[in-house]
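Each chain, written out:
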Amino acid sequence: MVKKYKKLQYSLANFSSRVLSKKLTHHVIRPFKSLQEGQAQNHLGIYLGKDTATVVCLDLEGGDHKVLDCFSVSAEGQQEASSGATTPGLANLIAEACAERVPRYQDSEAAVALDCAMFMQHNVHSDFSDPRQIAATIRFDTEEALSTDITDLAIAFKITSSDQTGSELSVFTAERKVLSDVLVSLQNNNIDPITIEPDVNCLSRFILQNVYSLESRQVGTLFCVLSQRSGYFIAFTGLTEVPAMRTFLVDPTQDRGDLLAREVPVTAALLGTGEPINRLKVLDSTDSVDYQQLSEKLGIEVSGVDWLGSAAAGPETIADCAGQVDFAIAYGAALAHLEKARSVDFRSDFSPYQGKKVRLQKALKFASISVTVLVLIVGLYFQLQLLKTNAYRGKLRDKFAGDYSPIMLGQKLPDKFTAAKTKLGSELRRIRNVRSGQLSITGEESVSAKLALVLEAFNKCAKPTNLNIDSTSITARSITIAGNTSSRANTLKLFEAIKGKLNILQQRLELKNGRDNFSITVEPKR
C-alpha cells in the first residue's frame, strides 16, 4: 500500500512539473504578455483583391512606422478562385508566406483592406450628429436612400461633415456572404483581422500619414491614385483631416490622361468639399500620365508624388509587391491599429472583433483549470498523507486495545485516547497506593494506614495528657479505642488532636479511680 502511495505521488509531481509548467507558459503567460506589450507587436496590413493579396508588416513602436517586410501572393488560375471573394487558396498562400518569415510575423495583429470591386459606396444623409445614434439608425437611412432591402449587406460608414441638420455620410456596403468567406478563410489559417475596411479608406490613411504635408493643407488639393484596375480620389476638407473619398474602375486600355481630365471635374462636384480644387497630386502605377498636358486641360497644377520616399520605402523594399498602389493600401491597413476612434469597419457590423478578449478568456480559462488541477493534486497529496496517518493510527489503536482490556479488567477502549489516558493514570495511582500499603486491593485504606493515623494522633499528645491505651479494635471501616487520661481536660485535648486526622463517630467518658476513662469510635477522613 505504501509503495502505491509513493508511486502515485511521483506521478502527480511529474505531471505538475512537466505538463502544467509548459502549458501555463504557453496559454497564460504569453497571452498576458502580448496583451501588456500592445504596441510593441508588429502589425500586418493585408490588401485583398479578387485573386491577389499584398501584405505589409510594420513596426509601429516609437512612431517610426518602419516597414519590416512586404510581399504579394496570387491565386490566379486556381480552381478555388471565385468572383468577388478571397479564396481559401489565397488565404493559405498568405499564411504560408507569413510562416516562412517567422518570427517577424509571429504574434502579429492583422487588418484587412477590401478591394473596391467587393463593395459599393453611397452618399447618405443622417438626421443625427452623434456617432452612436448614427450607428443605431444607419441601416434605416441607407435602406431608405437606396430604396432596396439591405438585409444581406454589411455596412460601414464615415462621417464627412456635420451641421445642425445632421450629418453627411460616406456609406460602404458589401455582401455579408463575401465578407464571411473572407473572414472564415483567414481565421482557418490563424489570421484574425481586427478590421475589414474599404481600400479607399486605408489609402486615405496612408496619404494622411505620409503625403498630406503642411503645404498641401493650405490649399485645395485633390489626391488621385490609379492602379491597374481601380482609381481613387481623396480630398481633405480644410484642417479637419476628414477625407472625402471616391472610387471608380479603370480600363487598362484607356488613356489615363483623358480619363482624369473627365473625372476630376465630376469628382470635385460630387465630393462637395466646399473649397475649390487648385492642385492635383497623382500616383499612376503605369506612369503614363502627361502631367503638363493634363494641367493645361484642367487649368490647375498637376504633379506626381514620391509616395515610396514619403513612406521611407525604396524600390528594393517593395520588390516582392504587386505594385506601389497595393503597397500603399496594405500600408494604410496596417496603420488601422493606431486609430482609437471608430473606424470604417465592415466587421463591426456582422462579426465584431474579439481577439484580445478571446485570448484573455482562453488564458483565464486555462489558468482556472490549471489552478483547479493544482488544488486537486495538492488536496490528493495531503489526503494520501492523511490516509497513511490514519492507517498507522488504526494499527496503533488495535495494539493498544489489546493491552488496555486486561489492565482495566475487561473494559473496552474508549473512543478518545484522552479518556483512556485518564483512566490508565487513575489505575496506575491506585496500584501504587496498594503497593505502598495505603489502600487495599478493593480500594479501601489498609489496616496499617489506619493504624498509622491513630498512632500519629496519639504521639502528639501522649505525654501532656498522661495517656494510657487499654485496647484498640480495627475493622474495615472504623477503629474503636479504649483508654484513660489523668483528667477530663486532658481527654478533651486528646480528642482535639484526633480530630485533625480522624472523624470521631462515637465517644463515652467515665471518671474511675482518679482517672478519666474514655471509649471512642473513629474513621479516617475522606
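Being a predicted model, the structure only gives us computed values, none of them experimental.

**Structural notes on the nonpolar core**
Phase 1: In this structure, F327 and F346 are the most contacted members of the largest nonpolar core, which totals 70 residues.
Phase 2: Those residues in contact with F327 that lie beyond four places of it in its chain are T54, V56, V67, C70, L308, A311, A313, I318 and C321.
Phase 3: Counting 20 residues, the second largest nonpolar core, distinct from the first, contains L222, A235, L271 and I300.

**Looking at unusual backbone geometry**
It is generally the case that most residues other than glycine have a negative phi and that most peptide bonds are trans.
Phase 1: We note that S147 has phi near 55°; this positive angle belongs to a residue other than glycine.
Phase 2: Here S147 lies in the loop between α3 (131–146) and β6 (153–163).
Phase 3: Positive phi, normally seen in glycine, also occurs at D287, with a value near 55°.
Phase 4: On the secondary structure map, D287 appears in the loop between β12 (279–284) and α8 (291–298).
Phase 5: Note on D287: relative accessible area 60%, which makes it exposed.

**Re a negative patch on the surface**
Phase 1: A contiguous patch of negative charge, built from E143, D149, D152 and E175, is present on the exposed surface.
Phase 2: D152 gets classed as exposed once you look at its relative accessible area, which sits at 60%.

**Considering the confidence of the model for the protein chain**
Phase 1: Per-residue pLDDT for the protein chain has a mean of 79; in total, 79% of the residues score no lower than 70.
Phase 2: Element-level mean pLDDT values for the protein chain span from 48 in helix α1 (residues 2–37) up to 93 in strand β8 (residues 196–198).
Phase 3: Below pLDDT 50 for its whole length, residues 1–6 participates in three contacts with residues either more than four positions away or in separate chains.

**Some points on the packing of aromatic side chains**
Phase 1: Evaluation of the coordinates by the stated rule reveals seven aromatic pairs.
Phase 2: An angle of 75° between the planes, with centres 5.7 Å apart, marks the rings of F119 and F172 as edge-to-face. Separated by 53 residues along the polypeptide, F119 in the loop between β4 (109–114) and β5 (120–126) and F172 in strand β7 (residues 166–175) bring together distant segments of the chain. As far as burial versus exposure is concerned, F119 and F172 are alike and both buried.
Phase 3: Summarising the aromatic geometry, the rings of F119 and F346 are spaced 6.2 Å apart at their centres and angled 45° between planes, so their arrangement reads as tilted. In this pair, F119 sits in the loop between β4 and β5 while F346 sits in the loop between α10 (324–334) and α11 (347–350), placing the two residues 227 residues apart along the sequence. The pair F119 / F346 is uniform in exposure class, with both members buried.
Phase 4: An aromatic cluster is defined as three or more aromatic residues linked by ring pairs; in this entry it consists of F119, F172 and F346.

**A word on α8**
Phase 1: Burial in α8 covers these residues: L294, S295 and L298. Seen from one end, α8 has its buried residues packed into an arc of 105°, which puts them on one side. Exposed side of α8, more than 90 degrees from the buried face: Q292 and E296 are the residues found there.
Phase 2: The inward-facing, buried residues of α8 contact α7 (256–271), β12 and β13 (301–304).
Phase 3: Put simply, D290 is the residue that caps the front of α8, since its side-chain oxygen is 3.2 Å from the backbone nitrogen of Q292.
Phase 4: G299 sits one or two residues past α8 and shows a positive phi near 75°.

**Quick notes on the pattern of salt bridges**
Phase 1: Going through the model one piece at a time under the given rule, you end up with 14 salt bridges.
Phase 2: Here R246 makes a salt bridge to E263, at a shortest N to O gap of 2.7 Å. With a gap of 17 residues between them, R246 in strand β11 (residues 243–249) and E263 in helix α7 connect regions that are remote in the sequence. Here R246 and E263 have matching classes, each one buried.
Phase 3: One salt bridge connects R262 with E263, and the closest N-O pair in it is separated by 3.9 Å.
Phase 4: Residue R262 is classed as partly exposed on the basis of its relative accessible area of 45%.
Phase 5: The exposure class of E263 is buried, given its relative accessible area of 13%.
Phase 6: What you see here is one network of salt bridges that share partners, running through R139, R176 and D349.

**What to know about the sheet that holds β5**
Phase 1: Spatially, three strands are ordered β5-β7-β6 in an open sheet, and the strand pairing comes out antiparallel. Every other strand in the sheet has two partners, leaving β5 and β6 as the edge strands with one partner each. On average, adjacent strands in this sheet sit at an angle of 25° to one another, irrespective of strand direction.
Phase 2: In this structure, β5 lies alongside β7, joined through seven bridges in antiparallel fashion. Within β7, the residue paired with S126 across the bridge is S167.
Phase 3: Along the sheet, α3 makes contact with β5, β6 and β7, crossing β6 at roughly 110°.
Phase 4: Sheet contacts for helix α4 (residues 176–187): β6 and β7; angle to β7, the most-contacted strand, approximately 65°.

**Describing the pairing of strand β2 (residues 52–59)**
Phase 1: Burial within β2 is extensive, with six of its eight residues counted as buried.
Phase 2: Sheet topology places strand β1 (residues 42–48) next to β2; seven bridges connect them, and they run antiparallel. What sits directly across from Y47, in β2, is T54.
Phase 3: The antiparallel hairpin formed by β1 and β2 contains three residues in its connecting segment.

**Considerations on the pairing of strand β9 (residues 221–226)**
Phase 1: Burial of β9 is extensive: six of the six residues sit out of reach of the surface.
Phase 2: Relative to β12, β9 runs parallel, the two being bridged by six bridges. Among the inter-strand pairings, V225 is bridged to a residue of β12, identified as L283.
Phase 3: From the end of β9 to the start of strand β10 (residues 230–236), which pair antiparallel, there are three residues.

**Section: the environment of L455**
Phase 1: Relative to the helices and strands, L455 is located in helix α14 (residues 447–465).
Phase 2: Taking the relative accessible area as the measure of exposure, L455 reaches 43% and is therefore partly exposed.
Phase 3: Along the sequence, L455 and I498 sit 43 residues apart, while their C-alpha atoms lie 9.6 Å from each other.

Quick notes on the rules
Residues numbered from 1 in each chain as written. Predicted model: local features only at pLDDT ≥ 70, side-chain atom pairs only at ≥ 80, totals over all residues. Heavy atoms only, no water. Core = buried A, V, L, I, M, F, W, Y, C linked by side-chain atoms within 4.5 Å. Buried < 20%, exposed > 50% of the residue type's maximum accessible area, 1.4 Å probe, protein only. Contact = heavy atoms within 4.5 Å. Helix = DSSP H or I, 4+ residues; strand = E, 2+ residues; numbered from the N terminus. Patch = residues over 30% accessible without salt bridge, like charges linked within 9 Å, V, L, I, M, F, W, Y side chains within 5 Å. Areas by Shrake-Rupley, 256 points an atom, 1.4 Å probe, with all protein chains shown as cover. Salt bridge = Lys/Arg side-chain N within 4 Å of Asp/Glu carboxyl O. Lys, Arg positive; Asp, Glu negative; His and termini not counted. Charge placed at Lys NZ, Arg CZ, Asp CG, Glu CD. pLDDT = per-residue confidence, 0-100. Phe/Tyr/Trp six-rings, centres within 6.5 Å; stacked < 30°, edge-to-face > 60°. Arc of directions from axis to C-beta. Polar contact = N/O pair within 3.5 Å; in protein donor to acceptor, adjacent residues only side chain to side chain. Pairing = 2+ DSSP bridges. Axes fitted to C-alpha atoms, helices over the stretch in contact; angles between N-to-C directions.

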